[in-house]
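Observations on the three-dimensional arrangement
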Amino acid sequence: MDKLHIRGGTPLEGEVRISGAKNAALPILAATLLADSPASVGNVPHLRDVTTMIELLGRMGVSVTVTDKMRIEVDASTIRECIAPYELVRTMRASIVVLGPLLARFGKADVSLPGGCAIGARPVNLHVDGLRALGADIHIENGYIRARADRLVGTRLVLDTVTVTGTENLMMAATLAEGETVIENAAREPEVVDLANFLISMGAKIHGAGTDRIVVEGVKKLHGTSYDVLPDRIESGTYLVAGAITSGHVRIKGTRPDHLDAVLVKLRDAGATLGIGPNWIELDMRNRRPRAVDIRTAPYPGFPTDMQAQFAALNTIAEGTAAVTETVFENRFMHMLEMRRLGADIRIEGNTAIIHGVEKLTAAPVMATDLRASASLVLAGLVAEGTTEVLRIYHIDRGYECIEEKLAQLGAHIKRIPG
Ligand code: EPZ
């Protein structure tokens, strides 16, 4: 298994281009199953999770080609079987987003239960309950969700928990259902809006995406389209924190500042000076030590849980003491235990971590446990004295395109050691 060696102490300087959003690309690639003619998707990040989704579609017999311009062209008309096998789903739980499209377009889907992961149990009860309410006949047996439906029928759905992929699955299923579907307490993430825009470009009738009430008018069929995925707001936030934690000066381009409000507020509270353009953000923390900032995660537009680990890293060397509270997932503090190995002063009380900033961290071997935790360990390694070794970085490769190249472009001393 590959690992990263990071020699800390260099303030980052320079600019990086932000890639397409993983959490928009995955449901959008799944949504191509709904179209009765080929669809082309651009600005797709080159990530393990995207490769897994492409492999999943290919296993079903869907034809997927990657053009020389890295556009992904999908033609679902060649589909052979509506199955998402355990061996693929267990490597990427987001595979669950093929369930709604398969059921709506082909009337059947056998999708492996995703199972839990490092950050929590990750149940999919809201996906299943919602599809049942739309008229699907669903049995859970031998670790699979076996779903059948002649035609789904629109209805009013009230989600008791805000779920991103749950909202996405149900919105996709509703596009081909009979009549109107209303999704109350829907997720408002930009990736949900991007998926809705993709579906609308295929002829779907959707209103309210981005609010907590989405209304879908079912249509008979959806046609192919050509669409580019929005920029990744979590990658954007991660590189801004990289600039802040190293007291550097970085500029990210090809991003959407309007998707980062909660993160930008916290970066300013930490003492960063920010310049903001239509598609770029510049952060200046030169010659300053960040100030500690309290974090409490929440569904969008609240502070993103996917940025919690990165701000935990920032707080480990900040001036002062901060409380980091995780309200979305039940076990998303694994990175805190690893950061203690670097000398961080962290006390965990339930779903809150009290972080007292220290003058400096010192390098040590640390282990990545999940995608964003691994990113936070890389950030900590950028400031730790000495060379930090981050193990199991396959977690990173799932969600960050060319992370060592982009950080090296900003002046970081980082090297991938093939394992
Ligand atoms: C999406 O996961 C993202 N993944 C996650 O990003 C992100 O952390 C999460 O949303 C929250 O923003 C993708 O979009 C591919 P949820 P998802 O359903 O949809 C509970 C990353 O790092 N819940 O919004 O799986 C659940 O347990 C990943 O890129 C149920 O109880 O998350 C959690 O407590 C990590 N029943 C809460 O809802 C359900 O049926 C939010 O989960 C579904 C969810």
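Cut-offs applied
- Per chain, residue numbering runs from 1 following the sequence as it is written.
- With pLDDT at 70 or above as the cut-off, local features in this predicted model cover only qualifying residues; side-chain atom pairs require 80 or more to be listed or tallied, and sums for whole chains, interfaces and linings still use all residues.
- The basis for the side-chain values is all heavy atoms of the structure; hydrogens and waters are excluded.
- We count a stretch as a helix when DSSP gives it H or I for four or more residues in a row; a strand needs E for two or more, and each element gets its number in order from the N terminus.
- The span you would expect from a helix comes to 1.5 Å times its residue count less one.
- For each residue, the accessible area found with a 1.4 Å probe, counting protein chains only, is set against the maximum for its type, and the residue is called buried under 20%, exposed over 50%, and partly exposed in between.
- Strand pairing follows a simple DSSP-based rule, namely that at least 2 bridges must link the two strands.
- Think of it this way: one heavy atom of a residue within 4 Å of a molecule or strand is enough to make that residue near it.
- Counted as a polar contact is a pair of N or O atoms within 3.5 Å, where, for protein atoms, one must be capable of donating a hydrogen and the other of accepting one, and residues adjacent in sequence contribute only when both atoms are in side chains.
- Only protein atoms enter the 1 Å grid used here, on which a cavity is any set of points holding a 1.4 Å probe that cannot leave and a pocket is any open set flanked by protein within 12 Å on both sides along at least five of seven lines; residues with an atom within 4 Å of a point are listed as lining.
- Grid points are joined across faces, edges and corners, and a volume is the space filled by probe spheres set on the points.
- Each residue is assigned to one class: nonpolar for Ala, Val, Leu, Ile, Met, Phe, Trp, Tyr, Cys and Pro, charged for Asp, Glu, Lys and Arg, and polar for all the others, Gly among them.

1. A closer look at helix α8 (residues 233-245)
The end-to-end C-alpha distance of α8 is 18 Å, a good match for the 18 Å that 13 residues give at a rise of 1.5 Å each. Across the 13 residues of α8, 13 count as buried, placing the element largely inside the fold. Among the residues trailing α8, Ser 247 stands out with phi positive, at a value near 50°.

2. Observations regarding helix α10 (residues 308-316)
Buried residues dominate α10, accounting for nine of its nine residues. Within α10, burial applies to Gln 308, Ala 309, Gln 310, Phe 311, Ala 312, Ala 313, Leu 314, Asn 315 and Thr 316.

3. Description of the sheet that holds strand β20 (residues 345-349)
The sheet built from four strands is open, its strands ordered β18-β19-β21-β20 with mixed pairing. If you trace the sheet from one side to the other, it starts and ends with β18 (295-296) and β20, each paired once. Where β18 meets strand β19 (residues 321-325), two bridges bridge the pair, whose relative direction is parallel. Each residue of the ladder has a partner; that of Ile 295, found in β19, is Val 324.

4. Focus: the site of the ligand
Lining the immediate environment of the ligand, one finds 22 residues, of which Leu 126, Thr 163, Thr 165, Asp 306 and Val 328 sit closest. The separation between an oxygen atom of the ligand and a polar side-chain atom of Asn 23 is 3.0 Å. The separation between a nitrogen atom of the ligand and a polar side-chain atom of Asn 125 is 2.8 Å. In terms of residue count, the dominant contributor to the shell around the ligand is helix α5 (residues 125-133) (three residues).

5. Thoughts on the layout of surface pockets
Gaps left between atoms show up when a probe the size of a water molecule is rolled over them. Of the volumes computed, that of the second largest pocket is approximately 280 Å³. Its residues assigned to classes, the lining of the second largest pocket comprises eight nonpolar, six polar and five charged.

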